[in-house]
Amino acid sequence: MTYETYLYPLLLTPILLIIELLYFSLARWYTIVDIPNHRSSHTAVTIRGGGIIFPIAILFYYLISGNYSHNIIGFGMGLLLISLISFIDDLRPTSNRLRLATHVLAVVLLLDDVNAFSYPLWITVLVSIFIIGTINAYNFMDGINGITGLYSLVFMLSALWINTSHHFIDAAFLITLIVAILVFLFFNFRTKAICFAGDVGSVSIAFIMCYLLILLSIASHNLIYLGLLLVYGLDAITTIIFRLIRRENIFKAHRSHFYQLLVNEKKISALKVSTGYAIVQLFINCVLIINYNAASEHHLSTLLIISTPIFLVFIGLRVAIEGRERLFSAAKNIPK
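Here is what the cut-offs are and how they apply
- Residues numbered from 1 in each chain as written.
- Predicted model: local features only at pLDDT ≥ 70, side-chain atom pairs only at ≥ 80, totals over all residues.
- Heavy atoms only, no water.
- Helix = DSSP H or I, 4+ residues; strand = E, 2+ residues; numbered from the N terminus.
- Rg over C-alpha atoms; globule rule 2.2 N^0.38 Å.
- Buried < 20%, exposed > 50% of the residue type's maximum accessible area, 1.4 Å probe, protein only.
- Contact = heavy atoms within 4.5 Å.
- Areas by Shrake-Rupley, 256 points an atom, 1.4 Å probe, with all protein chains shown as cover.
- Lys, Arg positive; Asp, Glu negative; His and termini not counted.
- Charge placed at Lys NZ, Arg CZ, Asp CG, Glu CD.
- Salt bridge = Lys/Arg side-chain N within 4 Å of Asp/Glu carboxyl O.
- Core = buried A, V, L, I, M, F, W, Y, C linked by side-chain atoms within 4.5 Å.
- Phe/Tyr/Trp six-rings, centres within 6.5 Å; stacked < 30°, edge-to-face > 60°.
- Axes fitted to C-alpha atoms, helices over the stretch in contact; angles between N-to-C directions.
- Parallel < 35°, antiparallel > 145°, perpendicular 65-115°, else oblique.
- Left-handed = near helix turned anticlockwise from the far one by under 90°.
- Nonpolar A, V, L, I, M, F, W, Y, C, P; charged D, E, K, R; others polar.
- Expected span 1.5 Å × (residues − 1).

Novice: Describe the overall build of the protein chain, and please don't skip the residues or the numbers.
Specialist: Assigned secondary structure in the protein chain consists of 13 helices and two strands. Its C-alpha atoms give the protein chain a radius of gyration of 20 Å, within 12% of the compact-globule value 20 Å for 336 residues. Projected onto its principal axes, the C-alpha positions of the protein chain cover 55 × 55 × 40 Å. Put simply, the protein chain has 336 residues, and 50% of those count as buried. Restricting the contact set of the protein chain to residue pairs at least 6 apart, pairs at least 24 apart contribute 75%. For the protein chain, the computed accessible surface area is about 16,500 Å², with 69% contributed by carbon and sulfur atoms. Both charge centroids of the protein chain, one from 21 positive and one from 16 negative side chains, sit 15 Å from each other.

Novice: Describe the pattern of salt bridges, listing the residues and the values that go with them.
Specialist: A side chain of one charge can pair with a side chain of the opposite charge if their charged atoms are brought near each other. Within the structure shown, the criterion is met by seven salt bridges. The residue glutamate 322 makes a salt bridge to arginine 326 at a minimum N-O spacing of 3.4 Å.

Novice: Outline the nonpolar core, supporting the account with residue identities and numerical values.
Specialist: Core analysis: the biggest nonpolar cluster contains 93 residues, and Phe75, Met156, Phe173, Ile205, Ile208, Leu212 and Tyr277 have the highest contact counts within it. The biggest single contributor to this core is helix H8 (residues 198–220), with 14 residues. Ignoring any residue separated from it by four or fewer positions in sequence, one finds tyrosine 277 in contact with Met141, Ile147, Tyr151, Val231, Tyr232, Asp235, Phe258, Tyr259 and Phe314.

Novice: Outline the packing of aromatic side chains, supporting the account with residue identities and numerical values.
Specialist: Counted according to the given criterion, the structure contains 16 aromatic pairs. A centroid spacing of 4.9 Å and a plane angle of 90 degrees characterise the contact between phenylalanine 24 and phenylalanine 187, whose relative ring orientation is edge-to-face. One end of the pair, phenylalanine 24, is in helix H1 (residues 3–29); the other, phenylalanine 187, is in helix H7 (residues 171–188), and 163 residues separate them in sequence. Across the pair, exposure class does not vary: phenylalanine 24 and phenylalanine 187 are buried alike. Their ring planes at 85 degrees and their centres at 6.5 Å tell us that tyrosine 259 and tyrosine 277 sit as a pair that is edge-to-face.

Novice: Explain the packing of helix H6 (residues 147–165) against H7 to me, using residue names and the numbers behind them.
Specialist: It is the contact of H6 with H7, at a shortest axis distance of 9 Å, that shows an interaxial angle of 160 degrees. When the interaxial angle is binned, H6 and H7 end up roughly antiparallel. As for the relative orientation of H6 and H7, their crossing is left-handed in sense. Contacts from Gly149, Leu150, Ser152, Leu153, Met156, Leu157, Ala159, Leu160 and Asn163 of H6 reach H7 at Ala171, Leu174, Ile175, Leu177, Ile178, Ile181, Leu182, Phe184 and Leu185. Taken together, the residues of the contact of H6 with H7 break down into 15 nonpolar, three polar and no charged.

Novice: Give a description of helix H9 (residues 230–245) that names residues and reports values.
Specialist: Given a rise of 1.5 Å per residue, 16 residues ought to cover 22 Å, and the 22 Å separating the end C-alpha atoms of H9 matches this to within 8%. Here H9 has its buried residues at Leu230, Val231, Tyr232, Leu234, Asp235, Ala236, Thr238, Thr239, Phe242 and Arg243. With its phi angle positive at about 60 degrees, arginine 247 sits one or two positions after the end of H9.

Spelled out as structure tokens, the structure:
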């Protein structure tokens with residue numbers, strides 16, 4: 001790495017810190033805050049939308065890098081749209097139709113950026129479902145201090161590691177995001193967080209991660225890297241499955257995620273739970289990256305071999321800690 005590569009994050013950090021602090025001032029002035037309710041895992045009024053630093057950091061990257069390739073139109077416009085509607089939703093609830101329409105348009109722009117429409121229609125449809133599902137799952141998982149920041153940091157560091165041997169994007173793009181996440185964590189990874197990511201943070205970072213995963217999959221012709229989101233996927237998917245078994249409305253707000261049970265009912269520190277999720281995902285990422293060469297021709301089977309025992313262990317852990325009655329019986333056993 002060059003001297004400039006080391007200098008860049010040192011110069012970027014104070015700039016993003018100042019931007020974040022300016023946002024805090026505006027948020028306090030306009031009362032952009034998260035007020036605790038019966039589903040919250042926090043008890044104090046906290047600034048919402050601190051994750052706005054993620055799309056701002058990408059804008060800053062484009063401005064200083066001069067990298068105005070076609071992705072400023074596709075991915076860049078998609079990120080702007082999805083961040084804007086998410087920030088508006090942080091200010092006041094927006095209609096589901098408007099939010100969904102904006103998400104779909106942003107996904108179309110992203111897919112056009114990566115030339116996805118040149119592939120068979122069924123692939124494009126599956127990728128679209130994956131992106132929208134990932135965005136929503138990531139948003140649902142953003143419920144305790146540190147979890148979005150640490151998990152995203154693990155993803156970006158892993159992507160940077162992969163990028164050194166299998167180049168798929170400008171390293172400065174990833175470094176910009178890593179600095180932005182560290183700045184956010186400085187204010188969020190606390191027992192009493194100064195700010196939460198908000199929808200603008202969780203949705204925008206998920207959109208960015210989907211973009212990076214697609215670029216990586218295309219460049220490597222390998223789907224094993226979908227496992228970089230395995231832990232979040234396990235929590236989100238198993239929660240949906242158990243809610244369906246209990247005949248609950250999966251579109252209704254809830255506190256049924258495993259991380260929520262650990263924090264709200266088992267009284268484990270939110271910071272410990274967030275750190276645990278990040279460490280487990282980091283371990284999985286190391287296994288995936290180390291096994292990349294072996295998986296070059298059998299990537300789906302390798303991903304299945306790696307993920308199946310982890311899935312079974314996770315299910316067993318949920319049953320052991322939450323109990324069969326809670327997981328499989330009627331919704332009355334789930335706290336309202």
